[in-house]
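Coordinates in review
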Amino acid sequence: MANSIGNSSAPPPGAAILDIQGLTKFFGGLRAVNDFSLTIHRGELIGLIGPNGAGKTTVFNLITGLYTPSSGDIRFLGQSIAGLEPFEITQRGIARTFQNIRLFPNLTVLDNVRIAYHFHAGYNLFDAILRNGKFGSQEKELTERAQDFLAIFKLERVQDELAVNLPYGEQRRVEIARALASNPRLLLLDEPAAGMNPNEILNLMELIGFIRERFDLTILLIEHQMRVVMGICERITVMDFGEVIARGTPNEIQNNERVIEAYLGKGVD
Amino acid sequence: MELGFLLGSVVKIVAVLGWLYGLLQVMAHASRWVKIIGIIAAFGVIQIAFTLKIGDQSILNDFDAGLLFQACTMAMVALGLNLIYGFNGQFSLGQWGFYGLGAYAAAYVTYKWANDRTSSALFVLLIGVILAGATILVLRRFLSRYYNVPVLSAFTLYLLGCVAAAAVAVVAGNAIASVIDPLFGAKDAPGLLSGDLALQIVFVLAVLCAGVFAAEVSFLFGLPVLSLGSDYFGIATLGFSIVINTLMVNSDTILPFPEMKGGRGMIGIPKLTTWFWVFIFLMLVIVVMRNLIHSSAGRAILSVREDETAAKAMGIDVASNKLLTFVIGSLFAGLGGGIYAHYIGFLSPGTFSFLAGFNPLIVVVFGGLGSMTGTLAASFGWMFFLEGLLRVLLGQMGTEAPTWRFVLYPIALLLLMLLRPQGLLGKTEWGFLRAPAVKPRAPASPPPDARATPAAAAPAAK
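Here we summarise the structure given alongside this text. (Residues numbered from 1 in each chain as written. Chains lettered and ligands numbered in written order. Predicted model: local features only at pLDDT ≥ 70, side-chain atom pairs only at ≥ 80, totals over all residues.)

**Regarding the overall build of chain A**
Check the secondary structure of chain A and you find 10 helices and 10 strands. By the compact-globule yardstick of 18 Å for 269 residues, chain A fits well, its C-alpha radius of gyration being 20 Å. Taken along the three principal axes of its C-alpha coordinates, chain A extends 75 × 40 × 40 Å. Here chain A holds 269 residues, and the buried ones make up 49% of them. Sequence separation of at least 24 residues holds for 68% of the intrachain contacts in chain A that already meet a minimum separation of 6. (Helix = DSSP H or I, 4+ residues; strand = E, 2+ residues; numbered from the N terminus. Rg over C-alpha atoms; globule rule 2.2 N^0.38 Å. Buried ≥ 20, exposed ≤ 12 C-beta atoms within 10 Å, placed from the backbone. Contact = placed C-beta atoms within 7 Å.)

Structure, rendered in structure tokens:
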């Protein structure tokens, strides 16, 4: 079914990093996502768009394990991750940001980022309680790495601020920095440009391009700002009412009738 | 006399808070020697105040000692509760139950040792907590190999494992005791273990075992219950406190412990708690908690309070994290209970009624959720003010007047909530308890890869 929609562009290089087949999610009688399929190859930057309520964020929540799929399979690096706990999925290398920013509001910016190191902190509870050498060296190292991330995102000067006190744009950056600190292979960005002005959006697009190169990332992006999606995504998947209605390059999507129909409604003959 | 007492009490409250401040400051000192000497000095100052006599009475009398010891046990219990509620965000009313559990368990061991001259209770508890702990760890490793094990199945497995461990412990403990007792003796029986030193060791072992015992019970209880939301968890823990209290009241009828004497109260517990042990155990709790909070595990604990969904997305096993916090908090309560039992020498179920169970909660809220300093200061202040100052002052106004303090302090709490909802000290920490400052990385030498940062890395900054 998936192949019948849109014109698939030539398969990009790199192995499949994420392979979703026939993903379906029911909420009671509501079919939020229906037979969703998507393959992402290593190094790609894929856009996922669609009108409000199309099921994009549900797809994200299914991939990251916040929801359990009703049917279908999600394979990450060749292994099925459907039904795993969210923290296990993160530990396997999928990080995400949230549509409405979800920082740890009453913790400092530095601690927000350092939390992402918890599962690969390199020391355990007893090292921490005994304050042994292992704790000292590992804690120092992870703190420095977290500070590196803050420096990359120009946040080093606010490291001791509480996250809740930061302006919106900086909170977005903290969230991305935090996601990157968990050392992901695949990054899911849920509307990163929401609430940003045109200048900020421009900066964000450059930032996404930069981290993708710098950390060898594969990125899946939900976005409503067409500038962002059309500007940086190589391939785009369009959803409406929980189904994929089109796939293709930005150009193909812009001229796809079903997409225009989904966004603007059907024209009167 | 009244004025003198009032002044003396105020001086004592200020002094004990000053002592606490000094202790925490000196513990934060960079030099190891200053630290050690400072801690010994902090211990010694109070020890001397107990022993040094001016005229015919010591600077701190038995009444003050009682206040101080109770304040310290309250601090241990309340720190544990703050860990669970203030740092991890799980509203719990079960802390008092674990406190009682620890008190009774430790008291039973030393009671049997000192009065019945047998080591059976010690060995049963010791073997029991070790076996149950090992069982839990082994089962946990075993279960971690499987995905999506239902909580109740896991719970059943743990429960069966612990019951089996307890059964083995009862048999093995009694068997060992039947060999040890005639060979080495116990308190007052002729033999190697009859001395006071042995009794001290038994006491410390009993308190430690009681703490671990409370922690293991909290693991079994928390496993199914922590998966509930925070409010429901609060109700369930309240239920736990009531269950424990009911078991205490009926300990001689439905439980096989006639020595606990049910509702009449357990008497004859050797009074072994000295300032030395109170200080040691309080320091243990403070250091463990502080080291825990200012580590990766501590940040994970905080992140669960802040946003569970985001914590999960950061790779944190939220369920295990809550359980771990709950177990450590209960461990502190159990230790506090053991210390308390051997100070007071008499345990009555009334002490552990669920109404009294709100005391640590009040202390934690009063001091500030998520503030270790606040909890410590509030524990001392609460005990010295409420039990020390108010009780005596009101006592001089009439025999029934002290009851007024249960009207006065809820009003104080109410006012505090209205005027300072973050608690007396908010999130302020003193000295040792403060998070170690992290130096910003010198801008002169940016990390090698950060130099490649394009202008893009500064979005929205202009």
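From this point, the narrative continues.
**What to know about the pairing of strand β9 (residues 235-240) of chain A**
Residues and elements named next belong to chain A. Of all six residues in β9, five are buried, a share of seventy percent or more. Pairing geometry for β9 and strand β10 (residues 243-248), over five bridges, is antiparallel. In the sheet register, T237 faces β10, and the bridge partner there is R247. Here β9 folds back onto β10, and the loop between the two strands holds two residues, one of which, F241, carries a positive phi near 50°. (Pairing = 2+ DSSP bridges.)

**Examining the sheet that holds strand β6 (residues 94-96) of chain A**
Residue and element names in this part refer to chain A. Reading across from one edge, β6-β7-β8-β3-β9-β10 is the order of the six strands in this open sheet, with mixed pairing throughout. Among the strands making up the open sheet, the edge pair consists of β6 and β10. Taken over all neighbouring pairs, the strand axes of this sheet differ in orientation by 20° on average, direction set aside. By the bridge criterion, three bridges tie β6 to strand β7 (residues 186-190) in an arrangement that is parallel. Residue pairing in the sheet places I94 in a bridge with L186 of β7. (Axes fitted to C-alpha atoms, helices over the stretch in contact; angles between N-to-C directions.)

**What to know about the interface of chain B and chain A**
The partner chain A presents 47 residues to the 36 residues of chain B that form the contact. Taken together, the elements giving at least two residues each to the side of chain B that touches chain A come down to α9 (275-293), α10 (296-306) and α11 (308-313) of chain B. It is α10 of chain B that provides the largest number of residues to the side of chain B that touches chain A, a total of seven residues. When its residues are assigned to classes, the side of chain B that touches chain A shows 22 nonpolar, eight polar and six charged. (Nonpolar A, V, L, I, M, F, W, Y, C, P; charged D, E, K, R; others polar.)

**A few points about the nonpolar core**
One recurring pattern in soluble globular proteins is that nonpolar side chains are buried together. By size, the foremost hydrophobic cluster in this structure holds 206 residues, and its most contacted members are L150 and A177 of chain A together with M76, A107, V109, L125 and F213 of chain B. Here this core spans two domains, and each of domain 1 (1-93 + 184-269) and domain 2 (102-182) of chain A adds at least three residues to it. (Core = buried A, V, L, I, M, F, W, Y, C linked by C-beta atoms within 7 Å. Domains from an automatic or database assignment.)

**So, the sheet that holds strand β5 (residues 79-80) of chain A**
Residues and elements named next belong to chain A. The strand order across the open sheet formed by four strands is β2-β1-β4-β5, and the pairing between neighbours is antiparallel. Each edge of the sheet is formed by a strand with only one pairing partner; in this case those strands are β2 (30-41) and β5. Of the pairings in the sheet, the one linking strand β4 (residues 71-76) to β5 comprises two bridges and is antiparallel in character. Looking across to β5, one finds that R75 is bridged to S80. Strands β1 (16-27), β2 and β4 of the sheet are contacted by helix α1 (residues 56-63), whose axis makes an angle of about 65° with β2.

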